[in-house]
Amino acid sequence: MTRLAILLIAGAIAYGPALASPFLFDDQTAIVDNARIRSLAPATAWSPPRDTPVAGRPLVNFTFALNYAADGLNPAGYRLTNLAIHLLSGIVLLVLVTRFSPDIAFAVALVWVVHPLNSEVVDYLAERSEGLMALCYLLTVYCSVRALDDRRWSIGAVGACAAGMLCKESMVTAPVLVVL
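Residues numbered from 1 in each chain as written. Predicted model: local features only at pLDDT ≥ 70, side-chain atom pairs only at ≥ 80, totals over all residues. Heavy atoms only, no water.

### Regarding helix α8 (residues 128-147)
Then comes step 1: For α8, which comprises 20 residues, the first-to-last C-alpha distance of 28 Å matches the rise-based estimate of 28 Å (1.5 Å per residue) to within 8%.
Then comes step 2: Most of α8 sits inside the fold, with 17 of its 20 residues counted as buried. (Helix = DSSP H or I, 4+ residues; strand = E, 2+ residues; numbered from the N terminus. Expected span 1.5 Å × (residues − 1). Buried < 20%, exposed > 50% of the residue type's maximum accessible area, 1.4 Å probe, protein only.)

Pasting the structure below:
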């Protein structure tokens with residue numbers, strides 16, 4: 001079995017039971033009471049309401065609107081999306097670190113995927129902002145590393161960084177990391 005398959009299976013085993021959980025805490029205001037996710041129209045889906053966990057995070061609000069369009073207020077669909085985002089982050093981390101050491105890359109990615117400190121990204125739906133930002137951050141770093149060999153990857157780095165800025169404010173540190 002490949003390392004990628006093991007990584008995905010480990011994530012599914014770790015977070016599969018969470019798919020049956022209800023909306024929790026800030027999920028109520030970010031999703032259930034958020035009328036702006038009821039439409040995919042750019043004027044509403046990309047304009048999150050103030051004083052909510054998605055305020056100032058239009059890409060996160062838009063992904064909630066996509067979930068709502070696909071399955072209404074079924075928490076399992078939102079959690080499955082969060083799990084997919086988290087697993088994609090693990091895959092990007094695996095590929096990024098593999099450039100240095102395949103064995104270390106697998107260990108790092110596996111810890112990332114199953115570590116309890118990352119469980120809130122799947123279990124707590126309003127934390128999609130954190131999961132999307134992490135994915136964009138890792139993609140920014142990955143594309144920046146690839147840009148050392150081929151400058152065309154710079155476009156991907158800038159795009160991933162811009163997308164991350166639409167997810168969470170802490171993404172502002174990514175350009176600093178890339179420069180360092």
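### Focus: the environment of alanine 157
Then comes step 1: Examined against the element boundaries, alanine 157 turns out to sit in helix α9 (residues 153-165).
Then comes step 2: Judged by relative accessible area, alanine 157 falls into the buried class, the value being 9%.
Then comes step 3: Alanine 157 sits 21 residues away from cysteine 136 along the chain, and the two C-alpha atoms are 8.9 Å apart.
Then comes step 4: Excluding anything up to four places from it in sequence, alanine 157 contacts Thr140, Cys143 and Ser144. (Contact = heavy atoms within 4.5 Å.)

### Some details on unusual backbone geometry
Then comes step 1: The phi dihedral of phenylalanine 25 falls on the positive side, at around 40°, and the residue is not glycine.
Then comes step 2: Within the secondary structure, phenylalanine 25 is located in the loop between α1 (3-15) and α2 (27-32).
Then comes step 3: Judged by its relative accessible area of 68%, phenylalanine 25 falls in the exposed class.
Then comes step 4: The backbone phi angle of aspartate 51 is positive, close to 55°, even though this residue is not glycine.

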